[in-house]
Amino acid sequence: MATLDEAENARNQHAEGLRKMGAHGIEVREGKKGDFAVIAQFKKVPRGVPESLDITHRGVAKRVPLKAEVREEYRPEAKAE
């Protein structure tokens, strides 16, 4: 389980590595029990995506859950004139 602060910290620390793996969207989402996880969105989930992200939060080592999802990349709509 992770708090919102821990999950945001993990997202910030690991965003670049997840992007290099192909993630086009990275967010923090609350689970059913009030715990938080980092969600990485991919067109196709690559091999080697970890189940958690290791961080140090306020001097304490933590493991934040990471969930990979298959989602199409967001494309903004054309501007109406």
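In this report, the structure presented in the accompanying data block is examined. (Residues numbered from 1 in each chain as written. Predicted model: local features only at pLDDT ≥ 70, side-chain atom pairs only at ≥ 80, totals over all residues. Heavy atoms only, no water.)

### Some details on the environment of G22
Thought 1: By the element assignment, G22 lies in the loop between α1 (4-20) and β1 (25-30).
Thought 2: Sequence-wise, G22 and K44 are 22 residues apart; in three dimensions their C-alpha atoms are separated by 8.4 Å.
Thought 3: Those residues in contact with G22 that lie beyond four places of it in its chain are Q41 and F42. (Helix = DSSP H or I, 4+ residues; strand = E, 2+ residues; numbered from the N terminus. Contact = heavy atoms within 4.5 Å.)

### Looking at the pairing of strand β3 (residues 52-57)
Thought 1: Across the two faces of β3 the burial differs, with L53, I55 and H57 buried and S52, D54 and T56 not buried at all.
Thought 2: As paired elements, β3 and strand β4 (residues 60-70) share 6 bridges and run antiparallel to each other. In the strand pairing of β4, H57 is matched with V60.
Thought 3: Hairpin connection between β3 and β4: a loop of 2 residues separates the two successive antiparallel strands, and R58 in this loop has a positive phi of roughly 55°. (Buried < 20%, exposed > 50% of the residue type's maximum accessible area, 1.4 Å probe, protein only. Pairing = 2+ DSSP bridges.)

### Focus: the pairing of β1
As a general feature of sheets, a regular strand has side chains that alternate between the two faces.
Thought 1: Pairing between β1 and strand β2 (residues 36-42): 6 bridges, direction antiparallel. Its bridge partner being in β2, V28 is matched across the sheet by V38.
Thought 2: Remark: 5 residues form the turn of the hairpin made by β1 and β2, two consecutive strands paired antiparallel; G34 in that turn has positive phi of roughly 85°.

### Focus on the nonpolar core
Thought 1: Counting residues in each nonpolar core, the largest one holds 17 residues, and the members touching the most others are L18, V38, V64 and L66.
Thought 2: Only α1, β1, β2, β3 and β4 provide two or more residues apiece to this core.
Thought 3: Beyond its immediate chain neighbours, meaning those up to four positions away, V64 contacts A2, E6, A7, A10, V38, E51, S52, L53 and I55. (Core = buried A, V, L, I, M, F, W, Y, C linked by side-chain atoms within 4.5 Å.)

### Points about unusual backbone geometry
Among all residues save glycine, negative phi is the norm, and among peptide bonds the norm is trans.
Thought 1: Phi angles above zero are rare outside glycine, and R58 is one such case at about 55°.
Thought 2: Along the chain, R58 falls in the loop between β3 and β4.
Thought 3: For R58, a relative accessible area of 71% translates into the label exposed.

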